[in-house]
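Okay, here's what each chain looks like letter by letter:
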Amino acid sequence: MPGGVVSHVSAMTSGVQQNGILTLSHPSQYRKTIELPGLRLILLRGPGPLAGDLALSNSGLYWASRTRQLLENLGRKAPTKAGRDAVEQNLIGILNASGERTLNQIRDEAAALSEPLGRQAEENVLRSLIGALLGTHERGELHTKDGQLLAQGKPVDKERIYRFETLAAYLRSAVLPSIENKVAAGVPRHNCAFIESYFSNYVEGTKFDIEEARDIVMQNKIVESRPKDSHDIIGVFGLALAAPYRNSPPTAGEDFLPELEGWHAEMLKERPEVNPGKIKLKVNYAGTSKFVEPGLVRGTIDEGSRLALSVPEGFARAVYYAFLISEIHPFEDGNGRLSRLVMNAELTRVGLHRIIIPTLYHPQYVDCARLLTRQDQPESFVKSLAKMAHWCSQFDYKDLDELIGGLKKTNALEESPAQYRLLNLDGTGELRG
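Note that the structure is predicted; figures quoted are calculated from it, not measured.

(A) Spotlight on the layout of surface pockets. Taken as a whole, the largest pocket holds about 910 Å³ of empty space. Along its surface, the largest pocket is lined by 39 residues, and R66, T102, Q105, E261 and G277 are the ones closest to its centre. When contributions to the lining of the largest pocket are tallied by element, the ones reaching two or more residues are α2 (66–73), α4 (100–117), α11 (256–267) and α12 (294–308). Tallying contributions element by element places α4 first for the lining of the largest pocket, with eight residues. Counted by class, the lining of the largest pocket contains 13 nonpolar, 13 polar and 13 charged residues.

Shown next as structure tokens:
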């Protein structure tokens, strides 16, 4: 169905429903159902892609924008429509997670989309809902810091703020490495960015052989059976290579989250089903570890990023940024990759070597982060990144064949810490930290 748009309830709830239904809007093919093995396509009449809709790679399909989703799902609940209550709940989640500015933006976008969608009545309902929500979002005359944050619609996760303060205090006095970046612009920088993207994706489950990943990035050979995974590699590579992402972390304070949303949107622009550039609306987990509630993300990342300015710039602040983002987990997907990109942007900003965490060392890195999360002990987490700073600075990034050979020699590509030990390039086993 080229030119079709994943729409209505399917767009709002991440794709194919539990009953195997996928709803598409199409300008010329509609009012019919197509039965496929395990999948039922319901085709509704509607315009093709509009402003804000996202292309699904090169499939010819698109994914409805958030504002289009809201308009299309208003009304009585039906098999293809989430209904008014679901839209209202969605708006509440957006307000809590992203604030009044985002609701006002949605209201403006709805005004532009309502006519081509033929949803003028729904736009009036959406406008009323947004007005009612903003009207109850009163600012009070409160004097405590927590009260003022709440009145501003920015409640914080107090436990996380305490943990960030603990890490910041440790980083202010710790003896930390300062390893100059000697990777030259041009081919060496491209090679370094590729290795950074390869490992950052691999440890998050996007696994390719390194030679296959090399072809994806260096020759744009998209793997036909895995186009989105291929674009994940390209997405991180692009941010690791191009300014401002490679050398300018988001601005601390209230601008940090909007800028971070821009990073996320660019990194995962080929995955509209994970809402690139938009704060999560449901809490996420890693095992039994529960990350920050969606309604607390905005305030926590605002306050947490301001605290970064009290940490010495360079390695210390880079480590802080890495933990800040991974501990909050503000998005549905891509948080780990984003945390490492922001960490490296701070390092590059001050002329230090970027940190790459290889596959073999990743379980140890996660264990150290978990120790900080669960027991408020920052030392192991900081030392783990110090070790990786020294380790990745050993390599010469001029020749990619030699670089990959060196990585294999150190066991960096292996997955089992029980069977292998991460070595230095000279074959020794004691990593500096």
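Now that the structure is up, let's keep going.
(B) Here's a closer look at unusual backbone geometry. Of note, the bond from A243 into P244 is cis; its omega dihedral lies within 30 degrees of zero at 5 degrees. Mapped onto the secondary structure, P244 falls in the loop between α10 (227–241) and α11. Although it is not a glycine, D376 sits at a positive phi angle of roughly 55 degrees. Examined against the element boundaries, D376 turns out to sit in the loop between α15 (362–375) and α16 (379–392).

(C) Here's a closer look at the pattern of salt bridges. Under the defined criterion, the tally for this structure stands at 32 salt bridges. Close ionic contact of E88 with R84 constitutes a salt bridge, the shortest N to O distance being 3.0 Å. Residue E88 and its partner R84 are both found in helix α3 (residues 84–98); the two are separated by four residues, about one turn of the helix. Under the relative-accessibility criterion, E88 is labelled partly exposed at 28%. Since its relative accessible area comes to 37%, R84 is described here as partly exposed. With its nearest N and O atoms 3.0 Å apart, the salt bridge here joins D232 to R271. Within this pair, whereas D232 is found in helix α10, its partner R271 is found in the loop between α11 and β7 (285–286), the two being separated by 39 residues in sequence. In this structure D232 comes out as buried when scored by relative accessible area, which is 3%. Judged by relative accessible area, R271 falls into the buried class, the value being 14%. Sharing partners across several salt bridges, the network here consists of R226, K228, D229, D232, R271, E273, D333 and R337.

(D) Representation of the environment of V236. Residue position: V236 is located in helix α10. Among the residues examined, V236 registers a relative accessible area of 1% and is labelled buried. Separated by 94 residues in the primary sequence, V236 and P330 place their C-alpha atoms 18 Å from one another. Filtering out sequence-adjacent residues up to four positions away, V236 remains in contact with S197, S200, N201, M267, R337 and L341.

(E) Quick peek at the sheet that holds strand β1 (residues 5–6). Spatially, the six strands line up as an open sheet ordered β3-β4-β2-β1-β6-β5, and their pairing is mixed. The open sheet is flanked by β3 (32–36) and β5 (54–55), the only strands paired with a single partner. In terms of strand pairing, β5 meets strand β6 (residues 62–63) through two bridges, oriented antiparallel. Bridge pairing links L54 to W63 in β6.

(F) Fine view of empty space enclosed by the protein. Enumeration according to the criterion identifies three cavities of 30 Å³ or more in this entry. Lining the largest cavity we find N181, V183, R189, C192, A193, E196, A240, R246, T348, L352 and R354. For the lining of the largest cavity, a count of residues per class yields five nonpolar, two polar and four charged. Volume-wise, the second largest cavity comes out at about 60 Å³. If you trace the second largest cavity, you find it lined by P177, S178, I179, F315, L347, L352, H353, R354, I355, A389 and C392.

(G) Fine view of the packing of helix α8 (residues 187–202) against α10. The N-to-C vectors of α8 and α10 enclose an angle of 135 degrees; their axes lie 8 Å apart at closest approach. When the axes of α8 and α10 are compared, the pair comes out oblique. In this structure, α8 meets α10 at a crossing whose hand is right-handed. Two secondary-structure elements touch here, α8 through R189, H190, A193, F194, E196, S197, S200 and N201 and α10 through D232, I233, V236, F237, A240 and L241. Considered class by class, the residues forming the contact of α8 with α10 number seven nonpolar, four polar and three charged.

(H) Quick look at α12. Its 15 residues give α12 an end-to-end C-alpha distance of 21 Å, which sits within 8% of 21 Å, the value for a rise of 1.5 Å per residue. If you look at α12, its biggest bend is around 30 degrees, right at T300. Extensive coverage of α12 is indicated by the burial of 12 of its 15 residues. Every buried residue of α12 is accounted for by P294, V297, R298, G299, T300, I301, D302, E303, G304, S305, L307 and A308.

Conventions we followed
- Residues numbered from 1 in each chain as written.
- Predicted model: local features only at pLDDT ≥ 70, side-chain atom pairs only at ≥ 80, totals over all residues.
- Heavy atoms only, no water.
- 1 Å grid on protein atoms, 1.4 Å probe; cavity = no way out; pocket = protein on both sides within 12 Å on 5 of 7 lines; lining within 4 Å.
- Points joined across faces, edges and corners; volume = space filled by probe spheres on them.
- Helix = DSSP H or I, 4+ residues; strand = E, 2+ residues; numbered from the N terminus.
- Nonpolar A, V, L, I, M, F, W, Y, C, P; charged D, E, K, R; others polar.
- Salt bridge = Lys/Arg side-chain N within 4 Å of Asp/Glu carboxyl O.
- Buried < 20%, exposed > 50% of the residue type's maximum accessible area, 1.4 Å probe, protein only.
- Contact = heavy atoms within 4.5 Å.
- Pairing = 2+ DSSP bridges.
- Axes fitted to C-alpha atoms, helices over the stretch in contact; angles between N-to-C directions.
- Parallel < 35°, antiparallel > 145°, perpendicular 65-115°, else oblique.
- Left-handed = near helix turned anticlockwise from the far one by under 90°.
- Expected span 1.5 Å × (residues − 1).
- Bend = angle between axes of the 7 residues up to and from the residue.

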